[in-house]
Amino acid sequence: MASLPGSRRTSERPGRRPSEFATRSRHGSIDPSRLIPIDKSSAIGGGEDFNVVFIGAGNIMFGSPEGPWNHSFRLEHKLGPRLKVVALIDPNIERAAHVLQIKCNSFVVSAYGNTRVFRNLEEFIKHMNPRTDRPKAFIVGSPPMFRGTTQTGRDIEMQILKHFPGVAMFIEKPVATGPIAELQESFEIGKMIEKSKTICSIGYMLRYLKAVQQMKQILVENDLTVMSTVARYACAYESIAKPDWWDKSKSAGPVIEQGTHFCDLSRYFGGEVDISTVTAHSLEWYENAGHLSKMQIDESKILEENRIPRVTSAVWKYSSGAVGSFTHVVGLQGTNYSCELEVFADGYSLKLINPYVQPVLHLRKPGDDYEQIITFPDDDPFFSEISHFIDIIEDIEEEPESSQILSSYDDAVRTYELTWAIREASERSRKAKEQKSTA
Ligand SMILES: NC(=O)c1ccc[n+]([C@@H]2O[C@H](COP(=O)([O-])OP(=O)(O)OC[C@H]3O[C@@H](n4cnc5c(N)ncnc54)[C@H](O)[C@@H]3O)[C@@H](O)[C@H]2O)c1
């Protein structure tokens, strides 16, 4: 008996047999057939308002020409007329007012008609009406340098936990971009979130790709152990015009800021990384092969020690014994990135290509030397991650394992730790080489 999408959980329903995948799957994956495209899903029912607070009025929240992200759009679709954005918090109140105006001039005005703009959370707390404004969820899309720590002004998670206990949080990746010395603070936040049982989802949306879940399904159903993950992320640097992105002191570098998605996916398949094993090399801006001819920013304005590497290549061991590798390249022009992740297990290779734009899975199985090519039209991982987050808050489930948060705060901190370990290892190798050449 199929249940309607969006129906409320009715505990154990008699006569329902979970799918084979559900019974066999490990926690942390979703039956790919349960990932419903945005255009095939209808807004969830129930009459009550669903109050949301947005933190950050930037690209991730309201969209940008650079990519398909836009959380407000997915929430509007998921919640329909129930969505009420009670506050939009951003120190840049002009930007916030501008995006709000656009929403109010559109057909989704019912969600934004009463939205108030605040510079920070304290202002919202001071002016909120506890009866009508209490949020059910915070969507946090502020830059990572303003979160992920226990320090005043960069501790939005702690502030939410303190003033809004029990209220769910969706937080963008990476969890932070501060100095490595602050990593333990991020782990502490993860512990507090876990201890308080707060629903919290981190924006590693690639985990929600149908292709990724199909890869998981193949591994689980065939009882496979991952032997190796091979990840490659080549960005189109010509289209990256944000000066901060090119400055390690601002964005922490391309592996921590951008490659993080693929380090996270590698961990999703390979498991925990033995951080002490991470080794890496980089091609730097001052090396001949690192010269880029089509940069859109003026790199001479960035201090030499803060300029980003053009290539970073890392290898590590997982706790399972498997080997992982990741190469990040700042080398392509135009606009399209070239990204691939290959997962090897006995007899199998599962190669995910172009996950951002048009995911394709190349699957090689025992008994066939040729790869089968599987495509996933109309998949929208940004919708799936938001949809699952809301379903968990609303306690909506069709099968015990069908609604899941695939990226917890603590898990995301581990990805952050891996990306920092890669950066540090590459810097160590660079220094060692420099010392050798000056000796
Ligand atoms: N998952 C993805 O594919 C994806 C895509 C884009 C962005 N992101 C992530 O989203 C986050 C934001 O990126 P963006 O592209 O929207 O940046 P952005 O620069 O477009 O917007 C950030 C906004 O946050 C505001 N802000 C600054 N400090 C703040 C604070 N303390 N509190 C509230 N707001 C504050 C800024 O004024 C700005 O309006 C980053 O972590 C980024 O990595 C993820």
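Parameters at a glance
- Residues numbered from 1 in each chain as written.
- Predicted model: local features only at pLDDT ≥ 70, side-chain atom pairs only at ≥ 80, totals over all residues.
- UniProt positions renumbered as here; feature names shortened; annotations may be inferred.
- Helix = DSSP H or I, 4+ residues; strand = E, 2+ residues; numbered from the N terminus.
- Near = placed C-beta within 6 Å.
- Nonpolar A, V, L, I, M, F, W, Y, C, P; charged D, E, K, R; others polar.
- Axes fitted to C-alpha atoms, helices over the stretch in contact; angles between N-to-C directions.
- Parallel < 35°, antiparallel > 145°, perpendicular 65-115°, else oblique.
- Left-handed = near helix turned anticlockwise from the far one by under 90°.
- Contact = placed C-beta atoms within 7 Å.
- Core = buried A, V, L, I, M, F, W, Y, C linked by C-beta atoms within 7 Å.
- Buried ≥ 20, exposed ≤ 12 C-beta atoms within 10 Å, placed from the backbone.
- Domains from an automatic or database assignment.

## Focus on the UniProt feature "domain: Oxidoreductase putative C-terminal" (unreviewed entry) in the protein
Point 1. Mapped onto the present numbering, the UniProt feature "domain: Oxidoreductase putative C-terminal" (unreviewed entry) falls on residues 207-348.
Point 2. The span residues 207-348 carries 23% helix and 30% strand; its end-to-end C-alpha distance comes to 20 Å.

## Structural notes on the site of the ligand
Point 1. The full set close to the ligand counts 22 residues, and Gly58, Asn59, Ile60, Asn92 and Ser142 are the nearest of them.
Point 2. Here the residues of the shell around the ligand are counted per class, giving 10 nonpolar, 8 polar and 4 charged.

## Some words on the packing of helix α8 (residues 183-195) against helix α13 (residues 409-438)
Point 1. Remark: α8 packs on α13, axes separated minimally by 8 Å, with the N-to-C direction vectors making an angle of 165 degrees. If you check the angle between α8 and α13, you find them roughly antiparallel. Classified by chirality, the crossing of α13 by α8 is left-handed. In contact with Leu183, Ser186, Phe187, Ile189, Gly190, Ile193 and Glu194 of α8, α13 contributes Tyr409, Asp410, Val413, Tyr416, Glu417 and Trp420.
Point 2. Per-class residue counts for the contact of α8 with α13 are 8 nonpolar, 2 polar and 3 charged.

## Points about the UniProt feature "domain: Gfo/Idh/MocA-like oxidoreductase N-terminal" (unreviewed entry) in the protein
Point 1. Residues annotated in UniProt with the feature "domain: Gfo/Idh/MocA-like oxidoreductase N-terminal" (unreviewed entry) correspond here to residues 50-204.
Point 2. End-to-end, the C-alpha atoms of residues 50-204 are 24 Å apart, and along that stretch the chain is 37% helix and 17% strand.

## Observations concerning the nonpolar core
Point 1. Core analysis: the largest hydrophobic core is formed by 103 residues, its most contacted members being Val52, Val53, Phe54, Leu88, Ile139 and Ile422.
Point 2. With 9 residues, the top contributor of residues to this core is α13.
Point 3. Lining this core are residues from two domains, each supplying at least three of them: domain 1 (27-204) and domain 2 (210-378 + 409-432).
Point 4. Contact partners of Ile422, with chain neighbours within four places excluded, come to Val255, Val278, Ala280, Thr312, Ala314 and Phe326.

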